[in-house]
Amino acid sequence: IIKKDYGNGVFVSFDNVSKKQATVNVAMNLINESGQSKKVTAMVTLKDKDGNIVAENKTKLSLAKGKDATASQTFTIKGPLLWHPDHPYLYDLYTTLLDDKNQVIDGYYQRVGVKSVILKGKEGMYLNGEPFNDKLMGANHHQDYPYVGNAVPDNLAWNDAKKLRDAGIRILRLSHYPQSNAFMDACDELGIFTIVPTPGWQFWNNDTSFVELMYSDIRQMVRRDRNHACIFAWEPIPNETRYPDYFAKNAYNITHREDPNKNCIETCDYGS
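For the structure given in this document, a descriptive report is provided here. Nothing here was measured: the structure is a model prediction, and the numbers come from that model.

Cut-offs applied
Residues numbered from 1 in each chain as written. Predicted model: local features only at pLDDT ≥ 70, side-chain atom pairs only at ≥ 80, totals over all residues. Heavy atoms only, no water. Helix = DSSP H or I, 4+ residues; strand = E, 2+ residues; numbered from the N terminus. Rg over C-alpha atoms; globule rule 2.2 N^0.38 Å. Buried < 20%, exposed > 50% of the residue type's maximum accessible area, 1.4 Å probe, protein only. Contact = heavy atoms within 4.5 Å. Pairing = 2+ DSSP bridges. Axes fitted to C-alpha atoms, helices over the stretch in contact; angles between N-to-C directions. Left-handed = near helix turned anticlockwise from the far one by under 90°. Nonpolar A, V, L, I, M, F, W, Y, C, P; charged D, E, K, R; others polar. Phe/Tyr/Trp six-rings, centres within 6.5 Å; stacked < 30°, edge-to-face > 60°. Lys NZ or Arg CZ within 6 Å of the ring centre and 35° of its normal. Disulfide = S-S within 2.5 Å. Expected span 1.5 Å × (residues − 1). Arc of directions from axis to C-beta.

Our focus in this paragraph is the overall build of the protein chain. Within the protein chain one finds four helices and 14 strands. What you see for the protein chain is a C-alpha radius of gyration of 20 Å, in line with the 19 Å of a compact globule of 272 residues. C-alpha extents for the protein chain along the principal axes are approximately 55 × 45 × 45 Å. Buried residues in the protein chain amount to 50% of all 272 residues. The contacts of the protein chain with a sequence gap of at least 6 include a subset with a gap of at least 24, amounting to 64%.

For the rest of this paragraph, the subject is the sheet that holds strand β12 (residues 171–173). Reading across from one edge, β11-β12-β13-β14 is the order of the four strands in this open sheet, with parallel pairing throughout. Two strands lie at the open edges of the sheet, namely β11 (138–140) and β14 (231–235), each paired on one side alone. Pairwise comparison of adjacent strand axes, ignoring direction, gives a mean angle of 20° for this sheet. Two elements, strand β13 (residues 193–197) and β14, share four bridges in a ladder whose sense is parallel. Of the residues in β14, the one forming a bridge with I195 is A233.

Let us now look at the packing of helix α1 (residues 154–166) against helix α2 (residues 181–190). Where α1 contacts α2, the axes come no closer than 8 Å and their chain directions differ by 35°. Considering how the two elements wind past one another, α1 and α2 form a crossing that is right-handed. Contact residues: D154, A157, W158, D160, A161, K162 and R165 in α1; A182, F183, A186, E189 and L190 in α2. Partitioned by chemical class, the residues of the contact of α1 with α2 number seven nonpolar, no polar and five charged.

This part takes up the packing of aromatic side chains. By the definition in use, this model includes nine aromatic pairs. Ring centres of W204 and F210 lie 5.4 Å apart, and the angle between their planes is 85°; this geometry places the pair in the edge-to-face category. As far as burial versus exposure is concerned, W204 and F210 are alike and both buried. Through a chain of ring-to-ring contacts, the aromatic side chains of F203, W204, F210, Y215, Y243 and F247 assemble into a single cluster. The ring centre of Y94 lies 5.2 Å from the NZ or CZ of K47, which sits over that ring. Between the NZ or CZ atom of K120 and the centre of the ring of Y126, over which it lies, the distance is 4.0 Å.

Let us look at the state of the cysteines. A complete count under the given rule lists zero disulfides for this structure. For C230, which is in no disulfide, the shortest distance to another cysteine sulfur is to C187 and amounts to 5.1 Å. Judged by relative accessible area, C230 falls into the buried class, the value being 0%.

Turning next to the sheet that holds strand β7 (residues 104–112). Taken in spatial order, the four strands line up as β4-β3-β6-β7 in an open sheet, and their pairing is antiparallel. At either end of the open sheet lies a strand with only one pairing partner, and these are β4 (53–63) and β7. Shown here is a sheet whose adjacent strand axes are inclined to one another by a mean of 15°, direction ignored. Across 10 bridges, strand β3 (residues 38–47) lies against β4 in antiparallel orientation. Bridge pairing links K38 to L63 in β4.

Within an α-helix, residues lying three or four positions from one another point in the same direction, as the helix has 3.6 residues per turn. Look at α1: 18 Å from first C-alpha to last across 13 residues, which is about the 18 Å you get at 1.5 Å a residue. Buried residues of α1: A157, D160, A161, L164 and R165, and no others. End-on view of α1: buried residues confined to an arc of 130°, all on one side of the axis. Facing away from the buried side of α1, by more than 90 degrees, are the exposed residues N155, K163 and D166. Buried residues belonging to α1 abut β12 and α2. Once α1 ends, the next one or two residues include G168, with phi positive near 100°.

If you want it as structure tokens, here you go:
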């Protein structure tokens, strides 16, 4: 099956993104829980909004019982419709696992946006290979509603994102707790960049178990949200908290290990 210990077992990234073409990388982490060796086929299908197949790849694997492996596939699409705050185009990505009889045994569907964000110091920000000369009006976002608190239904999460985008917001620094999937999906759909922080606020404990739980939270945060088109940067440190330099360095390394995209952006106050 597609391994889902953290996240969804699928990692999508993009290279050489431009209006002419883009390279799409898809990695599927698989584990054999059947009790016997298996031959499987990992299939990746990318479709546009009209249901047309833009690209499709297959990889055959042999898995010993109890073992896991990663099926990595790379393909190039010509003339991609790129994700941008003003035209947030989303493709449909289907990752499917087939047995030796070509029967579907597992699968996952998600929407993805083809984009690249590169920060070039004094040259500024480059979006999809071109200078971004417009403004990124931003704000912070807490996930709650009057009389409801954090028990926000999906429609209100989407409505929250819509109000912010209509007000001209193009980037949000989120809160130090996981945002709902519905809100992240809305940011993908409406064209709102997000900076995603790890859980933790105004508290630090040098106890080893506390530090290891922080590392675990970072891994889960990145694995859960890394395929969202709206991701701009990660903030893997506790908010308004003095933490050791060694933690910042480890947090930096964990973030880039879980999001190995060469354009991954990670922010810390100090120490990394």
